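Here's the letter readout for the chains.
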Amino acid sequence: YKVPRAVLAERLLIFWIMVAKIRKLCLLKWNYDPDCKNIDQSPFHVNEAGSQAVGTLALKGCPTVPLIEDHCATRERWSLNSITDSSVARLLKRQPGFEMMFKADGHTLEGKLQDYLFSKGLPFRVTVVTGPSGSHREEYILNFLDKHLDKVTPCKKWAFLFLDAYEPGKTDNVWRFCWQRRYVLVTHGGGASMVTQTNDTDLHEGVRKRFVEKQTAMLMTKARIAGWGLVALTKEENMDIMIDVMSDPQLHLTAAKGYKLTGTTVALDGTEDHKIKREAADFWNELHVRDHVNSAVADVEARYRAGTLDWTYEGVQSLITPYPTIGHLDELNIGQEDE
């Protein structure tokens with residue numbers, strides 16, 4: 001665990017109750033259960049296998065193990081900003097996009113990488129940007145949301161947008177931008193994304209495994225061609241590998257199932273609680289979350305019927321409970337998880 005277990009339990013309970021209350025209000029006001037999207041940033045490296053300390057291939061009993069990788073490449077960080085979607089119907093029509101961010105100053109490299117990406121004519125939205133730290137700051141998050149969140153149309157339904165406790169994504173600017181696009185922004189508690197954020201629980205492990213396999217194969221091919229010296233992949237080659245990995249629809253469909261497994265979208269009447277699995281099920285049962293959810297949902301309905309609660313900016317905000325400041329990953333700061 002990234003935080004003490006008691007802290008994690010408290011934050012999970014707050015998250016599940018918040019989501020249930022907002023879902024109930026949406027059902028009462030609009031007569032539908034909102035879909036969900038999760039956005040999460042995950043670090044990768046120019047040589048991800050080396051960064052993950054994957055074993056080096058060598059003959060058994062060899063007195064020395066030749067180093068053919070560029071050690072700097074195992075520390076040269078870039079980021080994947082991925083999206084998971086709870087709607088299987090929407091995923092069958094189009095895959096969610098993603099963004100890659102590389103560390104660089106200025107816009108020369110960014111323009112070059114964007115031109116390269118544009119030339120590929122991809123059937124789903126992929127964007128690439130550069131930044132001084134390789135991590136997303138508030139302005140990058142707003143630009144990302146502008147590019148990847150659906151525009152408002154007369155038939156656009158309200159939906160959830162979940163982010164982790166990353167400090168630049170918790171600002172009022174980000175919250176209001178999401179609201180304008182008809183998304184209700186809710187953050188996971190610090191350290192709780194490993195239990196409830198579907199990117200962490202059901203997407204990134206498969207993405208990283210496939211990425212390392214493909215990247216390692218390409219590195220070995222380049223090493224054989226070169227015949228000597230260190231080899232590394234270009235940013236464009238890393239982009240190609242990630243696009244290839246993320247093009248598999250099954251990865252995204254598996255992530256969509258995670259919304260039930262994490263307890264985020266199980267039926268409000270309790271008939272789907274058996275679908276909650278893994279650590280989420282342990283905490284759900286231990287904390288008697290169903291009892292808390294039933295009470296919270298009943299309170300929302302009573303207030304809505306009484307006319308004291310409605311689907312307004314202020315009304316929805318009143319249902320979002322801040323996580324108590326405890327001193328354990330209350331907020332993830334820029335670069336906090338870099339090496």
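Details of the structure are given in the entry above.
Here is what the cut-offs are and how they apply
- Residues numbered from 1 in each chain as written.
- Predicted model: local features only at pLDDT ≥ 70, side-chain atom pairs only at ≥ 80, totals over all residues.
- Heavy atoms only, no water.
- Helix = DSSP H or I, 4+ residues; strand = E, 2+ residues; numbered from the N terminus.
- Buried < 20%, exposed > 50% of the residue type's maximum accessible area, 1.4 Å probe, protein only.
- Pairing = 2+ DSSP bridges.
- Right-handed = clockwise from strand over helix to strand, strands pointing away.
- Axes fitted to C-alpha atoms, helices over the stretch in contact; angles between N-to-C directions.
- Contact = heavy atoms within 4.5 Å.
- Parallel < 35°, antiparallel > 145°, perpendicular 65-115°, else oblique.
- Left-handed = near helix turned anticlockwise from the far one by under 90°.
- Nonpolar A, V, L, I, M, F, W, Y, C, P; charged D, E, K, R; others polar.
- Core = buried A, V, L, I, M, F, W, Y, C linked by side-chain atoms within 4.5 Å.
- Arc of directions from axis to C-beta.
- Phe/Tyr/Trp six-rings, centres within 6.5 Å; stacked < 30°, edge-to-face > 60°.
- Lys NZ or Arg CZ within 6 Å of the ring centre and 35° of its normal.

**What about the environment of K257?**
Then, in step 1: By secondary structure assignment, the location of K257 is in helix α11 (residues 249-261).
Then, in step 2: A sequence separation of 55 residues divides K257 from D202, and the C-alpha atoms of the two residues are 8.2 Å apart.

**Things to note about the pairing of strand β5 (residues 159-163)**
Then, in step 1: In terms of burial, β5 is a largely internal element, five of the five residues being buried.
Then, in step 2: Where burial is concerned, the two faces of β5 agree: the one with A159, L161 and L163 and the one with F160 and F162 are both buried.
Then, in step 3: Sheet analysis places strand β1 (residues 35-45) next to β5, joined by four bridges and oriented parallel. Among the inter-strand pairings, K37 is bridged to a residue of β5, identified as L161.
Then, in step 4: Taken together, the five bridges between β5 and strand β6 (residues 183-187) define a ladder with parallel strand orientation. When the bridges of β6 are listed, F160 appears paired with V184.
Then, in step 5: In this region the chain leaves β5, passes through helix α6 (residues 172-180) and returns to the parallel neighbour β6; the handedness of that crossover is right-handed.

**A closer look at the sheet that holds β6**
Then, in step 1: Pairing within the open sheet is mixed, and its six strands lie in the order β4-β3-β2-β1-β5-β6. Looking at the sheet topology across the chains shown, the edges are occupied by β4 (126-131) and β6. Put simply, the sheet's adjacent strands are angled 20° from each other on average, direction ignored.
Then, in step 2: Each of β1, β2 (77-85), β3 (98-103), β4 and β5 is contacted by helix α5 (residues 138-148), which is oriented at about 150° to β3, the strand it contacts most.

**Describing the packing of helix α9 (residues 204-226) against helix α10 (residues 235-246)**
Then, in step 1: At a minimum axis separation of 9 Å, α9 and α10 run at an interaxial angle of 140°. As far as their axial angle goes, α10 and α9 are oblique. Every pair of crossing elements has a handedness; the one defined by α9 and α10 is right-handed. Contacts from V207, R210, F211, K214, Q215, M218 and K222 in α9 reach E237, N238, I241, M242, D244, V245 and M246 in α10.
Then, in step 2: A class-by-class count of the residues in the contact of α9 with α10 yields seven nonpolar, two polar and five charged.

**What to know about the environment of A159**
Then, in step 1: Tracing the sequence through the fold places A159 in strand β5.
Then, in step 2: Judged by its relative accessible area of 10%, A159 is buried.
Then, in step 3: Distance in space between the C-alpha atoms of A159 and Y183 is 4.9 Å, their sequence separation being 24 residues.
Then, in step 4: Contact partners of A159, with chain neighbours within four places excluded, come to P34, D35, R182, Y183 and V184.

**Structural notes on the nonpolar core**
Across soluble globular proteins, nonpolar side chains have a tendency to be buried as a group.
Then, in step 1: Counting 64 residues, the largest nonpolar core has I22, L145, V184, V186 and W311 as the members making the most contacts within it.
Then, in step 2: Looking at this core element by element, the count peaks at 16 residues for helix α1 (residues 5-30).
Then, in step 3: The next biggest cluster of nonpolar side chains, apart from the first, holds 27 residues, and it includes W78, L113, L233 and I243.

**Re α5**
Then, in step 1: Within α5 the residues assigned to the buried category are Y140, I141, F144, L145 and H148. For α5, the arc enclosing every buried residue in end-on projection is 135°, short of the 170-degree limit, so these residues lie on one face.
Then, in step 2: In this structure, the buried residues of α5 make contact with β1, β2, β3, β4, β5 and α6.

**Here's the deal with the packing of aromatic side chains**
Then, in step 1: Under the definition given, this model contains 15 aromatic pairs.
Then, in step 2: Ring centres of W158 and W179 lie 4.4 Å apart, and the angle between their planes is 45°; this geometry places the pair in the tilted category. With W158 in the loop between α5 and β5 and W179 in helix α6, this pair connects stretches of sequence that are 21 residues apart. As far as the burial class goes, W158 and W179 line up, both buried.
Then, in step 3: Ring centres 5.2 Å apart and planes at 15° place the aromatic pair F160 and F162 in the stacked group. As far as the burial class goes, F160 and F162 line up, both buried.
Then, in step 4: An aromatic cluster is defined as three or more aromatic residues linked by ring pairs; in this entry it consists of W158, W175, W179, W311 and Y313.
Then, in step 5: Lying over the aromatic face of Y183, K156 brings its terminal NZ or CZ to 4.1 Å of the ring centre.
Then, in step 6: When the ring centre of Y32 is taken as origin, the NZ or CZ atom of K157, which lies over that ring, is 4.9 Å away.

Nothing here speaks to function; it is all geometry.
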